[in-house]
Amino acid sequence: MHSFQYYISTEVVFGTDCLEKLPALVKKHGGSRVLIVYGGGSAVRSGLIGRVEALLTDAGIAFDTLAGVQPNPRVALAREGVKKAVALGADLILAVGGGSVIDTAKAVAHGAANPETDIWEFWKKRQTVTKTTPVGVVLTIPAAGSEMSDSAVLTNAGEDEKRGLNTDLNRPAFAVMDPSLASTLPKRQVACGVTDIMMHTLDRYFNPVTDNAITDALAEALLRVVVRYGKPVCENPGDLTAMSEIMWCGSLSHNGLTGLGGNKDFAPHQLGHALSEKFDVYHGESLSSVWPAWARYVCPVNPARFAQYARNVWGVEEPDDVLAAEQGIAATEGYFRSLGMPVRFGQLSGVGVQDEAGIEDLALRCSYRKTRTVGTFRTLGYDDMLQIYRAANEKGD
């Protein structure tokens, strides 16, 4: 087992009907004036926002709201949230939703604590976050794992960029996780969530370090559970047994546990971010559309690693590592298909098959105009990104 440093500050309250504990958690973590951040639509129609507001009111906790968060959350709305939080004197930011809402709340929290700095400066790495406002979460969409993670992703539509920020100050103070709150999600959203959960562990599992036995075993076990319950929860989000397993897998997959001691790769995430940046596609769909092409491109670096994944997650019995590796990649691709997820660009709504200029533009975006590389399993530069995007762009069913 290799060296690591690990600290999780998030208090988790998990189980059906645990929303009633929200006021006590807010107060425990110093909240008396709360900015509630949410998407709108379903959170309002379901009555959840009304329930949250009533709980806070009954507990004597003042609040204001910021609605309108959308997938691939925008820095412009987060800036509005900073203004509201400062005007309110907010001492806690409460995210009610999934990853986009939580990432927006994290941005608002940083901005409220540092009102002299535009929050995009943190995401562009021109300024460092050294203080923040506590964030609480009421999770409604198991997917991003942002309820326990050190990461947050924002899109700046004005600059046509999507950027991520990693810092322990991104970790929420607490997370309320009630599987029943996700029971009415549409199938496409659930499938994207299942895919994102898998990818958060896959992007840690495939790294150059191959002798972290317990970390590998934890990652493989989590992936087996997601594979087991992913299809049932897509077909019936109201299956609380399946939803509870998927919801907890989502948190564990992105809180660092499944990659301890290794150097996480996250190249598929970076490749997918360029797609989301350009076409505003769902995050999960961007990942499933690039992963098979990425996997086949990098597999020759260490086929034994992919073979281990194939045998321990998918039950592949092929003794030859190269053949086993391909079977594992094919099994993963087939699983994405079974969830209704795209596995190449032609299946991505709003994207379609790209011409060469479109592929080059994606590689330029992912490489920050040829100024960076991504990945650790195999380091990828601009030319490598071109090859992967071309493979993901191939026509087929």
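Above this note sits the structure.
Residues numbered from 1 in each chain as written. Predicted model: local features only at pLDDT ≥ 70, side-chain atom pairs only at ≥ 80, totals over all residues. Heavy atoms only, no water.

Participant: Could you clarify how one ought to interpret the overall build of the chain in this entry?
Facilitator: In terms of regular secondary structure, the chain is built from 15 helices and eight strands. Taken over the C-alpha trace, the chain has a radius of gyration of 20 Å; the compact-globule value for 397 residues is 21 Å, and the two agree within 12%. Taken along its principal axes, the extent of the C-alpha atoms in the chain is 65 × 45 × 40 Å. Taken across its 397 residues, the chain has 58% of its residues classed as buried. For the chain, the exposed area adds up to about 15200 Å²; of that, 50% sits on carbon and sulfur atoms. If you average the places of the 38 positive and of the 45 negative side-chain charges in the chain, the two averages end up 3 Å apart. (Helix = DSSP H or I, 4+ residues; strand = E, 2+ residues; numbered from the N terminus. Rg over C-alpha atoms; globule rule 2.2 N^0.38 Å. Buried < 20%, exposed > 50% of the residue type's maximum accessible area, 1.4 Å probe, protein only. Areas by Shrake-Rupley, 256 points an atom, 1.4 Å probe, with all protein chains shown as cover. Lys, Arg positive; Asp, Glu negative; His and termini not counted. Charge placed at Lys NZ, Arg CZ, Asp CG, Glu CD.)

Participant: Would you mind showing me how to read the nonpolar core here?
Facilitator: Within soluble globular proteins, side chains that are nonpolar generally end up buried alongside one another. Within the largest apolar cluster, 100 residues are counted, with the highest numbers of intra-cluster contacts made by I93, W291, W294, F306, F345 and Y389. When residues in this core are grouped by element, the largest group, nine residues, is from helix 7 (residues 187–205). Setting aside its immediate chain neighbours within four residues, W291 contacts M199, L202, F206, P268, F306, Y309, I329, T332 and F336. Counting residues in each nonpolar core, the second largest holds 24 residues, with I36, Y38, L48 and L55 among its members. (Core = buried A, V, L, I, M, F, W, Y, C linked by side-chain atoms within 4.5 Å. Contact = heavy atoms within 4.5 Å.)

Participant: It is not clear to me how unusual backbone geometry should be interpreted in this structure. Could you clarify?
Facilitator: Generally, phi is negative for residues other than glycine and the peptide bonds are trans, each holding for most cases. In this model, K125 sits at a positive phi of 65 degrees, which is unusual for a non-glycine residue. Among the secondary structure elements, K125 is positioned in the loop between helix 6 (120–123) and strand 5 (135–139).

Participant: Could you clarify how one ought to interpret the pairing of strand 4 (residues 92–97) in this entry?
Facilitator: For a regular strand, side-chain orientation follows a simple rule: the groups alternate between the two sheet faces. Counting buried positions along strand 4 yields six of six residues, so the element is predominantly enclosed. Bridging between strand 2 (residues 33–38) and strand 4 involves five bridges; their strand directions are parallel. Bridge pairing links Y38 to V96 in strand 4. Where strand 4 and strand 5 come together, five bridges link them in parallel fashion. Each bridged residue has a counterpart across the sheet, and for G97 the counterpart in strand 5 is L139. (Pairing = 2+ DSSP bridges.)

Participant: I tried to follow the packing of helix 8 (residues 213–235) against helix 12 (residues 303–314) on my own but got confused; where do I start?
Facilitator: The geometry of a pair of packed helices is captured by two quantities: the angle between their axes and the separation between those axes. Look at helix 8 against helix 12: their axes get within 9 Å of each other, and the N-to-C directions meet at 50 degrees. The angle between helix 8 and helix 12 places the two elements in the oblique class. Seen from above, helix 8 lies across helix 12 with right-handed handedness. Note on element contacts: helix 12 touches helix 8 through R305, Q308, Y309, N312, V313 and W314, opposite D216, E220, L223, R224 and V227. (Axes fitted to C-alpha atoms, helices over the stretch in contact; angles between N-to-C directions. Parallel < 35°, antiparallel > 145°, perpendicular 65-115°, else oblique. Left-handed = near helix turned anticlockwise from the far one by under 90°.)

Participant: Help me understand a nonpolar patch on the surface, please; the structure alone is not making it clear to me.
Facilitator: Taken together, the side chains of M1, F4, Y6, I214 and L218 make up a nonpolar region of the molecular surface, amounting to roughly 480 Å² of accessible area. Checked against the element boundaries, M1 lands in the segment before strand 1 (11–14). (Patch = residues over 30% accessible without salt bridge, like charges linked within 9 Å, V, L, I, M, F, W, Y side chains within 5 Å. Salt bridge = Lys/Arg side-chain N within 4 Å of Asp/Glu carboxyl O.)

Participant: Sorry, what's going on with helix 5 (residues 99–113) here?
Facilitator: Three- or four-residue spacings in an α-helix give side chains the same orientation, since the helix completes a turn every 3.6 residues. Taking 1.5 Å per residue as the helical rise, helix 5 with its 15 residues ought to reach 21 Å, and the 21 Å between its terminal C-alpha atoms agrees with that figure. The element helix 5 is extensively covered by neighbouring structure, given that 14 of its 15 residues are classed as buried. (Expected span 1.5 Å × (residues − 1).)

Participant: Sorry, what's going on with the sheet that holds strand 5 here?
Facilitator: Each strand in a sheet pairs with its neighbour through backbone hydrogen bonds, running either in the same direction (parallel) or in the opposite one (antiparallel). Taken together, the six strands give an open sheet; going across it, the order is 1-8-5-4-2-3, and neighbouring strands pair in parallel fashion. Every interior strand has two partners, whereas the edge strands, strand 1 and strand 3 (62–66), have only one. Recorded for the sheet is a direction-independent mean angle of 20 degrees between the axes of neighbouring strands. Helix 9 (residues 240–253) contacts strand 1, strand 5 and strand 8 (174–177) of the sheet and is inclined by roughly 175 degrees relative to strand 1.

Participant: Even after reading the chapter, I still don't get the pairing of strand 2, so can you show me in this structure?
Facilitator: The buried count for strand 2 comes to five of six residues, which makes it a mostly enclosed element. The pairing of strand 2 with strand 3 spans five bridges and is parallel. When the bridges of strand 3 are listed, I36 appears paired with T65.

Participant: How do you make sense of the pattern of salt bridges when you look at a structure like this?
Facilitator: Opposite charge on two side chains permits pairing when their charged atoms draw close. On inspection of all chains with the given rule, the structure shows 22 salt bridges. Between D160 and R365 there is a salt bridge, with its nearest N and O atoms 2.8 Å apart. Of the two residues, D160 sits in the loop between strand 6 (151–156) and strand 7 (161–166) while R365 sits in helix 14 (residues 356–366), which places them 205 residues apart along the sequence. Linking K278 and D361 is a salt bridge whose minimum nitrogen-to-oxygen distance equals 3.0 Å. Here D361 lies in helix 14 and K278 lies in helix 10 (residues 267–279), a separation of 83 residues in the sequence. Each member of the salt-bridge network shares a partner with another, and the members are K124, D160, E161, R163, E277, K278, D361 and R365.

Participant: Just checking my understanding: could you explain the environment of S9 for this structure?
Facilitator: As for its placement among the helices and strands, S9 is situated in the segment before strand 1. Among residues more than four places away in sequence, those in contact with S9 are R171, P172 and A173.

Participant: What is the right way to look at the packing of helix 7 against helix 8 in this model?
Facilitator: Closest axis-to-axis distance for the helix 7/helix 8 pair is 10 Å, and the angle between their directions is 170 degrees. Classified by the angle their axes make, helix 7 and helix 8 are roughly antiparallel. Two secondary-structure elements touch here, helix 7 through K187, V190, A191, V194, I197, M198, T201, L202 and Y205 and helix 8 through D216, A219, E220, L222, L223, V226, V227, G230, V233, C234 and E235. Classifying every residue of the contact of helix 7 with helix 8 by side-chain character gives 14 nonpolar, two polar and four charged. (Nonpolar A, V, L, I, M, F, W, Y, C, P; charged D, E, K, R; others polar.)

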